[in-house]
Amino acid sequence: MMISLSQAQESAKAEINWLSFEQLDDSLQTNPKPVLLFFHTDWCSYCKKMLNETFQDPQVVQKLNKEYYCVQFDAETVDSIQFDGVTYTHALRTKKRGNYHNLAKLILGNPKQYVFPTTILLNTDFNVKKRFSKYLSIKELLKNL
């Protein structure tokens, strides 16, 4: 069986189906699945490394897309976010390093836990199953999924 060039390119470009919190809300109501939350910032080099390496691995992409809803969230965004019937905002109008969005603060909890990258795995009831406040290699992430 021959694989066409377009099929080969399509499989080579497999990406995680990242959702916004708004999309996650709808998806959880329709079809509950475990959730991966990935909190990052623009200045975090290990966050970029995870986005460019760990989350690009074909095994990681396949497993996450099949078994999880995935949300990546810039903890310093100034956008308003609708989630679970509540609008979450940022106290500032412009992005500033070290000033985090209220939704990020709510989910990350204790300010001592504001470490990036933070990856949180939630069960279908939206309860924390595992939490990692560090860079996760492909191998580490696959082991924990």
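Values in this document were obtained by computation on a predicted structure and should not be read as measured data.

(A) Highlighting the overall build of the protein. Helix and strand counts for the protein come out as six helices and seven strands. Along the chain direction, N to C, the helices and strands of the protein fall in the order α-β-α-β-α-α-β-β-β-α-β-β-α. Taking the principal axes of its C-alpha atoms as reference, the protein extends roughly 55 × 35 × 30 Å. Counting all 145 residues of the protein, 39% fall into the buried class. In the protein, 62% of the contacts between residues at least 6 apart in sequence involve partners at least 24 apart. A total of about 8700 Å² of accessible surface is found on the protein, and carbon and sulfur atoms cover 49% of it. Charged side chains of the protein number 18 positive and 15 negative; the gap between the two group centres comes to 8 Å.

(B) A look at the side chain of Thr 77. Relative to the elements of secondary structure, Thr 77 occurs in the loop between β3 (69-74) and β4 (81-83). Engagement of the side chain of Thr 77 in a polar contact is seen with the backbone nitrogen of Asp 79, the distance being 3.3 Å. Contact partners of Thr 77, with chain neighbours within four places excluded, come to His 90, Lys 95 and His 101.

(C) Representation of the pairing of strand β7 (residues 128-132) within the structure. Where strand β6 (residues 118-122) and β7 come together, four bridges link them in antiparallel fashion. Bridge pairing in β7 places Ile 120 opposite Arg 131. The turn joining β6 and β7, which pair antiparallel and follow one another in sequence, is formed by five residues; a positive phi near 70° is taken by Phe 126.

(D) Fine view of the state of the cysteines. Under the criterion given, the structure shown has one disulfide. The disulfide partner of Cys 44 is Cys 47, and the S-S distance across this bridge is 2.3 Å. In this structure the cystine formed by Cys 44 and Cys 47 twists about its S-S bond by roughly 90°; its chirality is therefore right-handed. Judged by relative accessible area, which is 4%, Cys 44 ranks as buried.

(E) Region of the structure containing the nonpolar core. In terms of nonpolar packing, the biggest core is built from 40 residues, with Phe 21, Leu 36 and Phe 55 touching the most fellow members. Mapped onto this core, the elements with two or more residues apiece are α2 (21-30), β2 (35-40), α3 (45-52), α4 (58-67), β3, β4, α5 (102-108) and β6. Sorting elements by how many residues they give to this core places β2 first, with five residues. If we ignore the near neighbours within four places in the chain, the residues touching Phe 21 are Leu 37, Phe 39, Val 71, Phe 73, Ile 81, Gln 82, Phe 83, Leu 103 and Ile 107.

(F) The arrangement of the packing of aromatic side chains in detail. Inspection of every chain in the model, using the stated rule, returns 11 aromatic pairs. Geometrically, the ring pair formed by Phe 39 and Phe 73 is edge-to-face, given 5.9 Å between the ring centres and 80° between the ring planes. Of the two residues, Phe 39 sits in strand β2 while Phe 73 sits in strand β3, which places them 34 residues apart along the sequence. Each member of the pair Phe 39 and Phe 73 is classed as buried. Ring centres of Trp 43 and Phe 116 lie 6.3 Å apart, and the angle between their planes is 90°; on these two criteria the pair is classed as edge-to-face. Taken together, the residues span a long stretch of sequence, with Trp 43 in the loop between β2 and α3 and Phe 116 in the loop between α5 and β6 at a distance of 73 residues.

How each quantity is defined
Residues numbered from 1 in each chain as written. Predicted model: local features only at pLDDT ≥ 70, side-chain atom pairs only at ≥ 80, totals over all residues. Heavy atoms only, no water. Helix = DSSP H or I, 4+ residues; strand = E, 2+ residues; numbered from the N terminus. Buried < 20%, exposed > 50% of the residue type's maximum accessible area, 1.4 Å probe, protein only. Contact = heavy atoms within 4.5 Å. Areas by Shrake-Rupley, 256 points an atom, 1.4 Å probe, with all protein chains shown as cover. Lys, Arg positive; Asp, Glu negative; His and termini not counted. Charge placed at Lys NZ, Arg CZ, Asp CG, Glu CD. Polar contact = N/O pair within 3.5 Å; in protein donor to acceptor, adjacent residues only side chain to side chain. Pairing = 2+ DSSP bridges. Disulfide = S-S within 2.5 Å. Core = buried A, V, L, I, M, F, W, Y, C linked by side-chain atoms within 4.5 Å. Phe/Tyr/Trp six-rings, centres within 6.5 Å; stacked < 30°, edge-to-face > 60°.

Nothing here speaks to function; it is all geometry.
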